[in-house]
Amino acid sequence: REDKKVEAHRGAVICLKWSYDATAIATAGEDGSVKVYSKSGNLRSTLTQMPQAIYSVAWSPGCEHLLYTCGPKMHLKSIQAGQKQIEWKAHDGIVNQVDWSFVNNTILSGGEDCKYKIWDSYGRLLFSSAPLDHVVTSLAWSPTGKHFAVGAFNVVKLCDRAGWSYCRQTQDLGSVFSISWCSDGTQFACGCGNGTVAFVSLIDRMFSWQNQDVMLDENNTITVHDIATESQEELDFRDRVTDMSLAYGALVVTTNNQCHIYQQSNWNTPHVEDLKEPPTLIVQCAYHFALVDANGIQIIGYEGRILSTIKYAGLRAEFLNQATLSICRDAVCLVDPSNPKQVRVFDCYTGRAVGNPILHKLDIVKISLNQQGSGADRTIAILDKNKDLYLTRAMKADRCEKLGAMVDSFAWNDSTDMLIALADEKLQVYIYPSVCFVDKDLLPKTLQSKTCTDAGKYANIISFYGSHCVIRKADGSDLASVIMPYPQLLYKHFEQAQWEQAVRLCRYVKSPELWASLAAMAIHNRALDTVEIALAAIEEVDKVQFIGHIKKLPDEVVRSAELALFCKRPEEAMNTLLQNKRLYRAIKLNIRLHRWTDALELALKHQTHVDTVLAYRQRHLQQMKHVETNDSFKSWAEQVQVDWTIVKQKIAMEKDSELQNARSGAS
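Residues numbered from 1 in each chain as written. Predicted model: local features only at pLDDT ≥ 70, side-chain atom pairs only at ≥ 80, totals over all residues. Heavy atoms only, no water.

## Description of the pairing of strand β11 (residues 116–119)
- Burial along β11 is two-sided: Tyr-116 and Ile-118 facing one way and Lys-117 and Trp-119 facing the other are all buried.
- As defined by bridge partners, strand β10 (residues 107–111) adjoins β11 across 4 bridges and the pair is classed as antiparallel. Bridging from a neighbouring strand, Leu-108 pairs with Ile-118 of β11.
- Taking the residues that link successive antiparallel strands as the turn, the β10-β11 hairpin has 4 residues, and the phi of Cys-114 there is positive, at about 70 degrees.
- Pairing geometry for β11 and strand β12 (residues 125–128), over 3 bridges, is antiparallel. For Lys-117, the partnering residue across the bridge sits in β12 and is Ser-128.
- Taking the residues between adjacent antiparallel strands as the criterion, β11 and β12 are bridged by 5 residues, where Gly-123 takes a positive phi near 85 degrees. (Buried < 20%, exposed > 50% of the residue type's maximum accessible area, 1.4 Å probe, protein only. Helix = DSSP H or I, 4+ residues; strand = E, 2+ residues; numbered from the N terminus. Pairing = 2+ DSSP bridges.)

Right, here's the structure in full:
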């Protein structure tokens with residue numbers, strides 16, 4: 001039945017689109033206006049009035065913006081009044097079609113210049129196709145965000161989300177005017193100019209991991225081919241396979257109702273789990289995997305046991321993709337779909353949130369958890385919309401350090417904490433990225449860089465295992481690259497605390513990057529002898545002297561504080577000293593940092609070493625040839641007599657006390 005009829009436009013209504021939350025509908029027509037209606041048919045607003053017809057509109061994933069086309073330009077406008085509008089020239093001819101993927105937040109456009117293009121949500125070009133033979137008349141993203149389809153006269157193309165083409169089908173269809181995908185992303189239908197509807201299925205889907213390939217054929221059979229052993233297995237499925245993932249020696253296959261989990265050690269007897277909802281995403285790590293559906297995120301072990309289910313108020317799981325969800329042994333992190341500047345971290349085994357959400361300055365494009373270590377060593381690599389790469393701790397996000405700029409793609413190593421990034425046509429290997437939390441001055445010295453012009457623009461790192469890296473180029477071909485194997489050996493010695501063998505390795509290789517990485521690893525594990533050797537090898541004289549000073553300190557508490565100071569964490573050093581009642585050292589630390597007011601307040605609070613603070617303050621002013629201007633220091637200088645002999649005696653007594661504490665602790 002007809003509920004309501006609305007006079008929406010003068011002339012034809014060319015396009016209309018429901019918002020993703022189904023609360024509003026956008027219309028556009030020949031009169032050049034874009035209007036937003038409520039689902040009951042009431043006009044909410046007229047967003048714009050253009051001089052030409054508008055052929056296509058698309059909602060943003062958050063339903064806060066509308067994208068529409070007019071002539072060769074695309075316009076992005078907020079549905080809220082008073083917001084700035086963005087527009088850019090997209091094609092050389094009229095833009096016929098646009099679509100905006102709510103999963104990967106990228107825009108697809110096709111025009112009369114016979115090209116289709118991919119844009120990010122800020123209007124930056126990510127991919128431009130070669131001209132087709134005819135005008136692009138239709139296009140649509142898959143609901144999974146992994147593929148999209150493009151239609152033209154007698155042609156249908158299936159493309160990867162990066163833009164390169166999987167296949168091109170030529171049929172006597174006329175112009176393809178509309179494309180619509182089914183909800184699981186395995187089929188789509190085309191409305192054609194000759195009056196026919198063409199149904200298209202995705203076949204021969206292929207995945208690779210190290211020496212294994214899997215391929216799904218049109219008969220719903222998966223063929224597993226192991227190149228190393230030259231063996232082949234065939235896996236048959238009764239229901240249609242909607243998705244699959246291969247990594248870490250495990251194959252996860254999903255249908256609408258079931259999840260099949262295979263191990264490479266036994267392809268014949270999978271673990272089969274029944275599903276309540278059709279899954280939309282699979283993300284694997286070495287120990288378990290995440291299965292995303294409408295109910296939330298399920299963490300499932302490879303033996304088929306559900307470990308936990310992650311949910312929170314406002315989670316829209318269908319918006320998650322491989323770039324915005326990451327999993328490791330003990331943690332899951334995701335970019336909040338409702339706030340792309342926010343990262344949430346959860347415990348794998350309980351499903352509970354860990355700490356407060358991590359807030360970044362800009363919208364986040366990709367996140368990834370490191371796969372090695374646990375607890376305090378867990379880190380998250382963050383790539384934002386400015387293509388800046390950052391590193392932050394997952395469990396205690398007190399610092400977020402910048403690793404690099406102009407980064408197109410990055411990936412963690414599968415067996416170590418190495419991070420590889422593709423930036424400005426260079427392949428950059430961060431041997432020990434956590435150096436930025438230890439001593440950021442060493443970060444550039446731990447970086448290996450090699451020219452990678454063969455990758456070209458829009459390349460993406462697919463995998464990084466061992467010393468091998470696979471890069472997928474813009475045309476869909478894979479480029480293999482190899483880094484030197486010595487960092488792998490260094491990590492083995494580091495994990496087993498074999499510092500002598502690590503030093504021998506660095507002496508043999510004579511690589512400054514390895515020496516700098518070893519220094520950072522040794523600082524992290526407080527192996528000061530190794531730190532001294534490694535820093536001397538890269539000629540960090542001032543740091544060697546400071547490490548020598550730390551080694552001479554008899555008190556373990558003071559050594560810990562000085563090491564925190566070396567790592568540029570003065571607040572941590574101060575807390576360590578105060579918690580262990582090393583009041584003189586805490587006061588002296590404030591003096592060394594020229595925090596004079598803090599030093600005086602601390603001395604007055606504990607009624608000790610007030611004359612020490614005043615003595616050092618007077619000496620400092622004499623050296624700088626300054627006059628005292630602080631009223632508090634003036635007042636106390638009149639009340640307290642400063643005698644350097646007494647001050648030195650008190651300091652000597654404190655140091656003797658530290659020495660005695662160290663001896664009694666050792667005994």
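From this point, things continue past the structure.
## Description of the sheet that holds strand β42 (residues 460–465)
- Strands sit in the order β42-β43-β44 across an open sheet of 3 strands; the sheet is antiparallel. Two strands close off the open sheet at either side, each with one partner strand: β42 and β44 (478–482). Geometrically, the sheet is characterised by an average inter-axis angle of 20 degrees between neighbouring strands, direction not taken into account.
- In the sheet, β42 pairs with strand β43 (residues 468–472) via 5 bridges, with the strands oriented antiparallel. Bridging from a neighbouring strand, Ile-461 pairs with Ile-471 of β43. (Axes fitted to C-alpha atoms, helices over the stretch in contact; angles between N-to-C directions.)

## Quick look at the pattern of salt bridges
- Counted by the stated rule, this structure contains 35 salt bridges.
- The partner of Arg-316 in a salt bridge is Glu-318, and the shortest N-O contact between them spans 3.3 Å.
- The partly exposed category is assigned to Arg-316, whose relative accessible area is 27%.
- For Glu-318, a relative accessible area of 31% corresponds to the partly exposed category. (Salt bridge = Lys/Arg side-chain N within 4 Å of Asp/Glu carboxyl O.)

## With respect to helix α11 (residues 610–624)
- Helix length check: α11 (15 residues) gives 21 Å between terminal C-alpha atoms against 21 Å at 1.5 Å per residue, within 8%.
- Among all positions in α11, only Val-610, Asp-611, Thr-612, Val-613, Leu-614, Ala-615, Tyr-616, Arg-617, His-620 and Leu-621 are buried.
- Just downstream of α11, Lys-625 is the residue with a positive phi angle, here 55 degrees. (Expected span 1.5 Å × (residues − 1).)

## A closer look at the pairing of strand β37 (residues 400–404)
- Note: strand β36 (residues 389–393) against β37, 4 bridges, orientation antiparallel. Residue pairing in the sheet places Leu-389 in a bridge with Gly-404 of β37.
- Following β36, the chain reverses through 6 residues before pairing antiparallel with β37.

## A short note on the packing of helix α7 (residues 556–566) against helix α8 (residues 570–579)
- Remark: α7 packs on α8, axes separated minimally by 7 Å, with the N-to-C direction vectors making an angle of 170 degrees. As judged from the angle between their axes, α7 and α8 are roughly antiparallel. Packed against α7, whose contacting residues are Val-557, Val-558, Ser-560, Ala-561, Ala-564 and Leu-565, the element α8 presents Pro-570, Glu-572, Ala-573, Thr-576 and Leu-577 at the interface.
- Per-class residue counts for the contact of α7 with α8 are 8 nonpolar, 2 polar and 1 charged. (Parallel < 35°, antiparallel > 145°, perpendicular 65-115°, else oblique. Contact = heavy atoms within 4.5 Å. Nonpolar A, V, L, I, M, F, W, Y, C, P; charged D, E, K, R; others polar.)

## Points about the packing of aromatic side chains
- Inspection of every chain in the model, using the stated rule, returns 19 aromatic pairs.
- Relative to Phe-319, the ring of Phe-102 lies with its centre 5.3 Å away and its plane at 45 degrees, an arrangement referred to as tilted. With Phe-102 in the loop between β9 (95–100) and β10 and Phe-319 in the loop between β29 (306–310) and β30 (325–327), this pair connects stretches of sequence that are 217 residues apart.
- On the basis of relative accessible area, Phe-102 is assigned to the partly exposed category, the value being 22%.
- According to the relative accessible area criterion, Phe-319 is buried, its value standing at 9%. (Phe/Tyr/Trp six-rings, centres within 6.5 Å; stacked < 30°, edge-to-face > 60°.)

## Some points on the sheet that holds strand β38 (residues 407–412)
- What the 4 strands build is an open sheet, ordered β38-β39-β40-β41; its pairing is antiparallel. Every other strand in the sheet has two partners, leaving β38 and β41 (447–451) as the edge strands with one partner each. Direction aside, the axes of adjacent strands within the sheet are offset by 20 degrees on average.
- With 5 bridges joining them, β38 and strand β39 (residues 419–423) adopt antiparallel strand pairing. Paired with Ala-411 across the two strands is Ile-420, which belongs to β39.

## Comments concerning the side chain of Gln-448
- Counting through the fold element by element, Gln-448 comes out in strand β41.
- Residue classification places Gln-448 among the buried residues on the basis of a relative accessible area of 14%.
- Among residues more than four places away in sequence, those in contact with Gln-448 are Leu-427, Gln-428, Val-429, Ile-431, Met-484, Ser-511 and Glu-513.

## Considerations on helix α10 (residues 596–606)
- For α10, the full list of buried residues reads Trp-596, Ala-599, Leu-600, Leu-602 and Ala-603. Taken around the axis of α10, the buried residues stretch over an arc of 160 degrees, which confines them to a single face.
- Lining the buried residues of α10 we find α8, α9 (583–592), α11 and α12 (631–639).
- Positive phi appears at Gln-607, one or two residues downstream of α10, with a value of about 55 degrees. (Arc of directions from axis to C-beta.)

## Structural notes on unusual backbone geometry
- Even without being a glycine, Asn-154 presents a positive backbone phi close to 60 degrees.
- Assignment of secondary structure puts Asn-154 in strand β14 (residues 147–160).
- Positive phi values are uncommon outside glycine, yet His-609 reaches one of about 60 degrees.
- Along the chain, the position of His-609 falls in the loop between α10 and α11.

## Looking at the state of the cysteines
- According to the stated counting rule, one finds 0 disulfides in the structure shown.
- Cys-190 provides the cysteine sulfur closest to Cys-192, a residue in no disulfide bond, and the two sulfurs are 5.6 Å apart.
- Judged by its relative accessible area of 9%, Cys-192 is buried.
- Its sulfur unpaired, Cys-400 is 8.8 Å from the next cysteine sulfur, which belongs to Cys-436. (Disulfide = S-S within 2.5 Å.)

## Topic: the packing of α10 against α12
- Between α10 and α12, the shortest axis-to-axis distance is 11 Å and the interhelical angle comes to 45 degrees. Classified by the angle between their axes, α10 and α12 sit oblique to one another. Handedness of the crossing formed by α10 with α12: left-handed. Residues Trp-596, Thr-597, Leu-600 and Leu-604 of α10 pack against Ser-632, Phe-633 and Trp-636 of α12.
- Residue composition of the contact of α10 with α12, by class: 5 nonpolar, 2 polar and no charged. (Left-handed = near helix turned anticlockwise from the far one by under 90°.)

## Some remarks on the environment of Trp-59
- Checked against the element boundaries, Trp-59 lands in strand β5 (residues 57–59).
- Since its relative accessible area comes to 2%, Trp-59 is described here as buried.
- A sequence separation of 42 residues divides Trp-59 from Ser-101, and the C-alpha atoms of the two residues are 9.1 Å apart.
- Polar side-chain contacts of Trp-59 include one of 2.9 Å to the backbone oxygen of Lys-17. (Polar contact = N/O pair within 3.5 Å; in protein donor to acceptor, adjacent residues only side chain to side chain.)

## Quick notes on the nonpolar core
- Leu-389, Ile-420, Ile-471, Leu-518 and Leu-535 are the most contacted members of the largest nonpolar core, which has 65 residues in total.
- Broken down by element, the residue count for this core peaks at 9 residues, all from helix α4 (residues 512–524).
- Leaving out residues up to four positions away in the same chain, Leu-535 has contacts with Leu-442, Ala-519, Glu-540, Lys-543, Val-544, Ile-547 and Phe-566.
- In terms of nonpolar packing, the next biggest core, distinct from the first, is built from 29 residues, Val-557, Leu-565, Leu-602 and Val-640 among them. (Core = buried A, V, L, I, M, F, W, Y, C linked by side-chain atoms within 4.5 Å.)

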